[in-house]
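# Report on the structure
One letter stands for each residue in the lines below.
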Amino acid sequence: ETMKGASLLGRTVKGMRDVIPSIQEEMDVIGSALKKVCVSYGCEKVSTPILENEELFRRSLGVDSDVVSKEMFSFTDLDDSRVCLRPEGTAGVSRMMINHYTSESAHHRFYYFGPMFRREKPQKGRYRQFFQGGVEFYGSSSPLADVECIASAVDFLDACGIKQDNIKVKINSLFDCETRSKHRKALTDYFQEHMAMLPPINQQRVEGGNPLRVLDSKADSEDMISILHNAPRLVDFACRESIERHTVVEDGLMGLGIEFERDHLLVRGLDYYNHTVWEISPSHEGIGAQDTVLAGGRYDGLGTLLGSKRPLPAVGWACGVDRLILLREELGLSILPAAPQVAIIQYAGCQVNDVFLAARALRAKGISVIMFHGLTHSAQMKQANKIGSKVFLRLGKDDNVMEQLAKCFQEVESLT
């Protein structure tokens, strides 16, 4: 038992990973891009608790969803309450919106960036602790808000260096509640006719009253591809008003020069979603089993579901930061952490106070400095060259610190 415990000390928990400097640098790039774009769209940054009441996600995601039934890290707290690590961001931000903004205008725009947790099978680009950035627009049911929200997603990816020719945008409409009700019945009848050809998981979805989830499943056979291709489409049951609304969204995107594909199989299996949904994935394959890097949609029904006493129309999106890092790497956009600009090389007999004062003077001007204590000057030079420092400030017993410092400032300035 002791040996087993000792062997676990050097490992991370399955599905978790250490964020080493090269990964953190990429996360910072993505986080900075998110802030820049979101501020330009009038969004304010928020942070919600990592630990939430389990009921929040049982209500928002559904007790029968894979996330709630199989993937959440949930447990009973010491006061017998059920809590969990947040598996996604939208429900927490919506709860925050309801809790803190009930007595004023519902028009708010928020963005967030942080870790989420799901007990999924680890694979390329997917971890049990994963990072997500997201945007939520509250207060408007206009299709123009959908257009602006999708535009913010495309602009965010562009700020990450991922241009429109590197991505494909897929959109669809779930239309209104009545449309979805008619479509669900037609879909259920259709899948029941082909039940024998459906895999067990999809049979369960049909029998459980959620046939939309079948449309969202992976078609891994010719029969399944044919079944999905010929399935009843939402648009065939939509009223004129809902169709006209979706036309406004498409026209708005075309007016902004945002290219998109219509995908009638793009759905959400939760009732509070309505009208516009979209996904953005790379225009090439390669980053993992699920290549979607950003997904969004309108969810006007979530606020009421979570206890809002007034209508809370909303539209938003979330991106998988870990997958964006992979995509940036494949596109040759990855950035390594910057090496300290100046390495101070200490020779025998130099005054320690002089070394620290010189370092402090450089740092006060925003110049990064590294020092190697307890090494010979040749070993210090070797380390400085290894990490890529460009300027060396050499300080010995008889050196004039101010003169050496002035030369150092000039060298740094010549590099910028």
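Look up: the structure comes first, before these words.
Since we're looking at a predicted model, the values are computed, not measured. (Residues numbered from 1 in each chain as written. Predicted model: local features only at pLDDT ≥ 70, side-chain atom pairs only at ≥ 80, totals over all residues. Heavy atoms only, no water.)

The next thing to look at is the sheet that holds strand β12 (residues 342-346). A sheet is described by the order of its strands in space; here three strands give the open sequence β13-β12-β14, paired in parallel fashion. Of all strands in the sheet, those with a lone pairing partner are β13 (369-371) and β14 (391-395), marking the two edges. For this sheet, the mean inter-axis angle between neighbouring strands, taken without regard to orientation, is 25°. Of the pairings in the sheet, the one linking β12 to β13 comprises three bridges and is parallel in character. When the bridges of β13 are listed, Ile-344 appears paired with Met-371. The strands that helix α15 (residues 377-387) touches are β12, β13 and β14; relative to β12, the one it contacts most, it runs at about 170°. Packed onto the sheet, helix α16 (residues 401-415) meets β12 and β14 and runs at close to 175° relative to β14. (Pairing = 2+ DSSP bridges. Helix = DSSP H or I, 4+ residues; strand = E, 2+ residues; numbered from the N terminus. Axes fitted to C-alpha atoms, helices over the stretch in contact; angles between N-to-C directions. Contact = heavy atoms within 4.5 Å.)

Attention now moves to the pattern of salt bridges. Inspection of the entire model under this criterion finds 20 salt bridges. The partner of Asp-146 in a salt bridge is Arg-298, and the shortest N-O contact between them spans 2.7 Å. With Asp-146 in helix α6 (residues 143-159) and Arg-298 in strand β10 (residues 294-298), this residue pair connects regions lying 152 residues apart in the sequence. Classification of Arg-298 by relative accessible area gives buried; the value is 0%. The residue Arg-268 makes a salt bridge to Glu-279 at a minimum N-O spacing of 3.7 Å. You can see Arg-268 sitting in the loop between β8 (261-262) and β9 (276-282) and its partner Glu-279 sitting in strand β9, a full 11 residues away along the chain. Taken together, the shared-partner salt bridges in this structure form one network comprising Asp-66, Lys-70, Arg-205 and Arg-213. (Salt bridge = Lys/Arg side-chain N within 4 Å of Asp/Glu carboxyl O. Buried < 20%, exposed > 50% of the residue type's maximum accessible area, 1.4 Å probe, protein only.)

Let's shift gears to the nonpolar core. Membership of the largest hydrophobic core comes to 47 residues, with the highest contact counts inside it found for Tyr-138, Phe-191 and Leu-215. For Leu-215, the residues in contact, after removing those within four places along its chain, are His-183, Leu-187, Phe-191, Leu-228, Ala-231, Leu-265 and Val-267. In terms of nonpolar packing, the next biggest core, distinct from the first, is built from 42 residues, Leu-34, Cys-160, Ile-171 and Trp-278 among them. (Core = buried A, V, L, I, M, F, W, Y, C linked by side-chain atoms within 4.5 Å.)

A separate point is the pairing of strand β7 (residues 167-173). Most of β7 is tucked away, with five of its seven residues classed as buried. Two strands pair when backbone bridges link them, and β7 and β9 are joined in this way by seven bridges, in the antiparallel orientation. Counterpart to Val-169 in the pairing with β9 is Ile-280. Pairing of β7 with β8, which is carried by two bridges, proceeds in the parallel orientation. The residue of β8 that forms the bridge with Lys-170 is Glu-261.

This next bit is on unusual backbone geometry. Phi is mostly negative for residues that are not glycine, and the peptide bonds are mostly trans. Unlike most non-glycine residues, Asp-80 shows phi in positive territory, near 75°. Along the polypeptide, Asp-80 turns up in the loop between β3 (74-76) and β4 (82-85). Under the relative-accessibility criterion, Asp-80 is labelled exposed at 64%. Although it is not a glycine, His-275 adopts a positive phi angle of roughly 55°. The residue His-275 is located in the loop between β8 and β9 in this model. Of the residues examined, His-275 reaches a relative accessible area of 12% and is grouped as buried.

All right, on to the environment of Lys-309 then. Mapping Lys-309 onto the fold places it in the loop between α12 (302-305) and β11 (314-320). Judged by relative accessible area, which is 89%, Lys-309 ranks as exposed. Distance from Lys-309 to Ile-98, taken between C-alpha atoms, is 8.7 Å for residues 211 residues apart in sequence.

Where burial is concerned, most of β9 is hidden: six out of the seven residues are buried. Of the strand pairs in this sheet, β9 and β10 are connected by four bridges, and their pairing is antiparallel. Across the sheet, the residue bridging to Val-277 is Gly-297, located in β10.

This part takes up the packing of aromatic side chains. Counted by the stated rule, this structure contains seven aromatic pairs. A ring pair is formed by Phe-156 and Trp-317, whose centres lie 5.4 Å apart and whose planes are at 25°; its orientation type is stacked. One end of the pair, Phe-156, is in helix α6; the other, Trp-317, is in strand β11, with 161 residues separating them in the sequence. The two residues Phe-156 and Trp-317 agree in class, both being buried. Over the face of the ring belonging to Tyr-127 we find Arg-17, whose NZ or CZ atom lies 4.1 Å from the ring centre. Of note, Arg-268 hangs over the ring of Tyr-273, and the distance from its end group to the ring centre comes to 5.9 Å. (Phe/Tyr/Trp six-rings, centres within 6.5 Å; stacked < 30°, edge-to-face > 60°. Lys NZ or Arg CZ within 6 Å of the ring centre and 35° of its normal.)

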